[in-house]
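So the chains spell out like this:
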Amino acid sequence: MTLQVKDVMGAVAIAVRPEAAFSELVETMRRFKVGAVAVVDGEGRPVGVVSEDDLLLKEVDVSRGGAVLAGHRRCREREKAAGMTARDVMTSPALTVIGQTAVREAARLMHVNRIKQLPVVDVASGKIVGTVHQADLLKVFSRRACDVLADVAAAVARLGLDPGVLTITVEAGVVRVGGRLARRSQVAAIVEVGRRVDGVVDLDVDATYDEDDVRGGW
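Thresholds, definitions, all that
Residues numbered from 1 in each chain as written. Predicted model: local features only at pLDDT ≥ 70, side-chain atom pairs only at ≥ 80, totals over all residues. Heavy atoms only, no water. Helix = DSSP H or I, 4+ residues; strand = E, 2+ residues; numbered from the N terminus. Rg over C-alpha atoms; globule rule 2.2 N^0.38 Å. Contact = heavy atoms within 4.5 Å. Buried < 20%, exposed > 50% of the residue type's maximum accessible area, 1.4 Å probe, protein only. Arc of directions from axis to C-beta. Phe/Tyr/Trp six-rings, centres within 6.5 Å; stacked < 30°, edge-to-face > 60°. Lys NZ or Arg CZ within 6 Å of the ring centre and 35° of its normal. Pairing = 2+ DSSP bridges. Axes fitted to C-alpha atoms, helices over the stretch in contact; angles between N-to-C directions.

Hey, could you go over the overall build of the protein for me, with residue numbers and the actual values?
Counting secondary structure elements, the protein contains nine helices and nine strands. The C-alpha atoms of the protein give 23 Å as radius of gyration, which overshoots the globular expectation for 218 residues (17 Å, by more than 25%). Projected onto its principal axes, the C-alpha coordinates of the protein cover approximately 70 × 40 × 30 Å. Looking at the protein alone, contacts between residues at least 24 apart form 59% of all its contacts between residues at least 6 apart.

Written out as structure tokens, the structure reads:
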């Protein structure tokens with residue numbers, strides 16, 4: 001089973017309208033203890049996001065950014081620093097996910113874009129329905145060991161292997177696979193599919209094999 005955003009997300013959507021004043025943005029973040037808020041239009045569809053970094057530009061001399069803040073970025077940050085409403089300071093367009101987005105993909109988006117939360121929208125209407133935070137994504141590592149084991153066994157079976165002839169154990173998210181395999185290359189295949197299972201912290205294969213089909217060794 002691949003965990004999806006809907007399995008871990010918060011049901012409360014923290015959002016403001018584009019005309020929300022700077023002080024309202026600060027108060028909203030403080031009140032709900034979040035690092036960003038979505039900006040939504042009259043239909044409840046995200047049009048941007050305001051983060052703490054956006055607000056703190058008022059305390060930064062963006063004119064001294066040098067080459068790092070050259071061109072369009074420097075111009076935009078100057079505009080944000082002078083902004084008085086959510087529309088002025090938000091980052092747009094809003095990066096969003098849907099409830100059916102895989103937790104792994106949501107984590108990738110947060111990592112690549114260096115953000116800590118994402119608005120969740122309804123796939124049909126595009127309206128905001130919740131928020132998923134980094135802390136929510138960490139829930140995958142609290143899955144029951146039996147559930148993780150079942151998913152690893154299923155992944156192994158999809159490789160055409162019989163998980164019944166292997167020894168698979170899970171402890172604190174660490175999966176260990178033992179037994180005998182037909183080919184050495186199957187070790188790497190098991191590691192690859194097993195580590196994709198939600199809740200797996202690490203995976204180690206300590207198995208013997210009948211044929212060494214890996215040229216040149218590891």
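I'd love a proper account of unusual backbone geometry, names of residues and values included.
Going from Ser92 to Pro93, the amide bond is cis rather than trans, its omega being 0 degrees. Structurally, Pro93 can be placed in the loop between helix H5 (86–89) and strand E4 (97–98). At Lys33, a position not held by glycine, the phi torsion is positive, near 55 degrees. By the secondary structure assignment, Lys33 is in the loop between helix H2 (22–32) and strand E2 (36–40). Unlike most non-glycine residues, Arg114 shows phi in positive territory, near 55 degrees. Summarising the element assignment, Arg114 is placed in the loop between helix H6 (103–113) and strand E5 (117–121). According to the relative accessible area criterion, Arg114 is exposed, its value standing at 80%.

Tell me what's going on with H6, and back it up with residues and numbers.
Listing the buried residues of H6 in full gives Val103, Ala106, Leu109 and Met110. Angularly, the buried residues of H6 cover 120 degrees about the axis, an arc narrow enough to put them on a single face. Those residues of H6 that are exposed and angled more than 90 degrees off the buried face are His111 and Val112. Buried residues in H6 make contact with helix H1 (5–8), E4, E5, strand E6 (128–133) and helix H7 (134–137). One or two residues past the end of H6 sits Arg114, with phi positive at roughly 55 degrees.

Tell me about the environment of Val49, and name the residues and values.
Its place among the elements puts Val49 in strand E3 (residues 46–51). If we skip the residues at most four places from it in the chain, Val49 touches Ala36, Val37, Ala38, Val39, Asp54, Met90, Thr91, Ala94 and Pro119.

Summarise the packing of aromatic side chains; cite the residues concerned and give the values.
What the rule picks out here adds up to zero aromatic pairs. Over the aromatic face of Phe22 sits the side chain of Lys58, whose NZ or CZ is 5.2 Å from the ring centroid.

Summarise the sheet that holds E3; cite the residues concerned and give the values.
What the three strands build is an open sheet, ordered E1-E2-E3; its pairing is mixed. Each edge of the open sheet is held by one strand with a lone partner, namely strand E1 (15–16) and E3. Note: E1 against E2, two bridges, orientation parallel. Considered in E2, the bridge of Val16 is made with Val39. Along the sheet, H2 contacts E1, E2 and E3; its crossing angle with E2, the most-contacted strand, is approximately 125 degrees.

Can you break down the environment of Val201 residue by residue, with the values?
For Val201, the position within the fold is in the loop between helix H9 (185–194) and strand E9 (202–211). A relative accessible area of 52% means that Val201 is categorised as exposed. Spatially, the C-alpha atom of Val201 lies 5.4 Å from that of Val174, the residues being 27 residues apart in sequence. Discounting residues that sit within four places of it in the chain, Val201 has contacts with Phe141, Ala172 and Gly173.

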